[in-house]
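What follows is each chain in one-letter form.
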Amino acid sequence: MSQRQNWFEGWRLLAVLTLSLIALSLWIASMRQFEVEGVRMVIRFTARSSLLLFCLAFSAAALARLWPNAWTRWQRRNRRYLGLSFAASHAIHAVAIVAFARMDPAGFAEATSAASYIFGGIGYAFIIAMSATSFDRTAALLGPQAWRVLHLVGGYYLWFQFMVSFGKRVQAMPLYGAFLIPLFAVMALRLIAMAAHPRRRTAEAS
């Protein structure tokens, strides 16, 4: 890989992606003068950016195993930072949700339910735990077996939550079906990679 390609990795990658997401979210909200509709646009935008970053992180090991090339090796090397960028995107998503709740309590109540609080809360708990253990020191404190279990269970839970979140909108808005395609593709890639390399299943699962 060239030196230019090597620059866009690690903490620089995380910083660029996070700052870009913040800037884009502020720009989107400003299009509606930072009123409720602008905040709701940010919620939709960050849901989609989170989906993209999650799929990149969740498919990294499988793609690197099945199709080793410059891109997949870069993706595999930066899986941690793509995952942290996903967490940053979902943090902005959470801020927008809180702003929506404060600005339009009636609209927020109509758009949410007890189930969304429960399952969304579990999802955020996994995101926080997985982010906190994405560093060498905290991962070592947790231990390799517990780390693998946390990131494996958390990853599949978040995949399922994305499926439900986007899938439930398909009937009213069929175009939302397009967002399910990368989720099905990521799961297929992981299953194919595990079947092709069963001895490495545990190591590559997270």
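Before any of the text, the structure's been laid out above.
Residues numbered from 1 in each chain as written. Predicted model: local features only at pLDDT ≥ 70, side-chain atom pairs only at ≥ 80, totals over all residues. Heavy atoms only, no water.

## Observations concerning the overall build of the protein chain
Rule in force here: Helix numbers and strand numbers start at the N terminus; a helix is a DSSP run of H or I with at least 4 residues, a strand a run of E with at least 2. C-alpha atoms define the radius of gyration in this analysis, and the globule rule sets the expected value at 2.2 Å times the number of residues to the power 0.38. Partly exposed residues are those whose accessible area sits between 20% and 50% of the maximum for their type, while under 20% is buried and over 50% is exposed, using a 1.4 Å probe and protein chains only. The contact criterion used is simple: two residues touch if any of their non-hydrogen atoms lie within 4.5 Å. Per-residue and other accessible areas were derived by the Shrake-Rupley procedure at a 1.4 Å probe size, with only the shown protein chains allowed to occlude residues.
Helix and strand content of the protein chain: 12 helices and 0 strands. Of the regular secondary structure in the protein chain, the N- to C-terminal order runs α-α-α-α-α-α-α-α-α-α-α-α. Taking 206 residues into account, the globule formula puts the C-alpha radius of gyration at 17 Å, and the protein chain, at 18 Å, falls close to it. A principal-axis box enclosing the C-alpha atoms of the protein chain has dimensions of 50 × 35 × 35 Å. Evaluated residue by residue, the protein chain yields a buried proportion of 40% over its 206 residues. Once local pairs closer than 6 in sequence are excluded, the contacts in the protein chain between residues at least 24 apart make up 70%. Surface exposure of the protein chain reaches about 11,800 Å², of which carbon and sulfur atoms provide 68%.

## Concerning the layout of surface pockets
Convention followed: Definitions used throughout: a 1 Å grid over protein atoms alone; a cavity as a set of points that fits a 1.4 Å probe which cannot get out; a pocket as an open set with protein on both sides within 12 Å along at least five of seven lines; a lining residue as one with an atom within 4 Å of a point. Grid points are joined across faces, edges and corners, and a volume is the space filled by probe spheres set on the points. Residues are grouped as follows: Ala, Val, Leu, Ile, Met, Phe, Trp, Tyr, Cys and Pro are nonpolar; Asp, Glu, Lys and Arg are charged; every other residue, Gly included, is polar.
In this model, the largest pocket occupies a volume close to 1,200 Å³. Around the largest pocket, the lining is made up of 36 residues, and of these His-93, Ile-97, Ser-116, Ser-165 and Arg-169 lie nearest the centre. Those elements that place two or more of their residues in the lining of the largest pocket are helix H3 (36-58), helix H6 (79-103), helix H7 (105-111), helix H8 (114-132) and helix H10 (144-167). Among the elements that take part in the lining of the largest pocket, H8 stands out by supplying 9 residues, more than any other. For the lining of the largest pocket, the class distribution of residues is 22 nonpolar, 9 polar and 5 charged. Volume-wise, the second largest pocket comes out at about 530 Å³. As for the second largest pocket, its lining consists of 25 residues, of which Arg-79, Arg-80, Ser-134, Trp-147 and His-151 are closest to the centre. Within the residue set of the lining of the second largest pocket, elements represented by two or more residues are H3, helix H5 (70-77), H6, H8, helix H9 (136-142) and H10.

## Some points on the nonpolar core
A general tendency of soluble globular proteins is for nonpolar side chains to be buried together. Using the following cut-off: Only buried Ala, Val, Leu, Ile, Met, Phe, Trp, Tyr and Cys residues count toward a nonpolar core, and they belong to the same one when joined by side-chain atoms within 4.5 Å.
Core analysis: the largest hydrophobic core is formed by 41 residues, its most contacted members being Phe-54, Phe-86, Trp-159, Phe-162, Phe-166 and Leu-183. Of all the secondary-structure elements, those providing two or more residues to this core are helix H2 (10-30), H3, H6, H8, H10 and helix H11 (180-196). At 11 residues, H3 tops the list of elements feeding residues into this core. Once residues within four sequence positions are removed from consideration, Phe-54 is found in contact with Phe-86, Gly-155, Leu-158, Trp-159, Phe-162 and Leu-183.

## Notes on a nonpolar patch on the surface
Note the following rule: Like charges within 9 Å and nonpolar side chains (Val, Leu, Ile, Met, Phe, Trp, Tyr) within 5 Å are joined into patches, using only residues over 30% in relative accessible area that form no salt bridge. The salt bridge definition used is simple: a Lys or Arg side-chain nitrogen within 4 Å of an Asp or Glu carboxyl oxygen.
On the surface, Leu-19, Ile-22, Leu-26 and Phe-34 cluster together into a nonpolar patch covering about 400 Å² of accessible area. Here Leu-26 is to be found in helix H2. Taking relative accessible area as the criterion, Leu-26 reaches 49% and is therefore assigned partly exposed.

## Details of the packing of H2 against H3
Selection criterion: Axis definition: a line fitted to C-alpha atoms, over the contacting stretch in the case of helices. Angles run 0 to 180 degrees between N-to-C directions. In what follows, roughly perpendicular refers to angles from 65 to 115 degrees, roughly parallel to angles under 35, roughly antiparallel to angles over 145, and oblique to any angle outside these ranges. If you view the pair so one helix is near and one far, a crossing is left-handed when the near helix is turned anticlockwise from the far one by less than a right angle, and right-handed when it is turned clockwise.
Taken N-terminus to C-terminus, the directions of H2 and H3 make an angle of 155°; their axes are 8 Å apart at the nearest point. The angle between H2 and H3 falls in the class roughly antiparallel. The interaxial crossing formed by H2 with H3 has right-handed handedness. On H3, the residues that touch Leu-17, Leu-21, Leu-24, Ser-25, Ile-28 and Ala-29 of H2 are Gly-38, Met-41, Val-42, Phe-45, Thr-46, Ser-49 and Leu-53.

## Some words on the packing of H3 against H6
When two helices pack together, their arrangement is given by the angle between the helix axes and the distance between those axes. Direction vectors running N to C along H3 and H6 enclose 160°, while the axes themselves pass 8 Å from each other. Between H3 and H6, the angle falls in the class roughly antiparallel. At the point where H3 passes H6, the crossing takes the left-handed sense. Of the residues in the contact of H3 with H6, the class split is 17 nonpolar, 8 polar and 2 charged.

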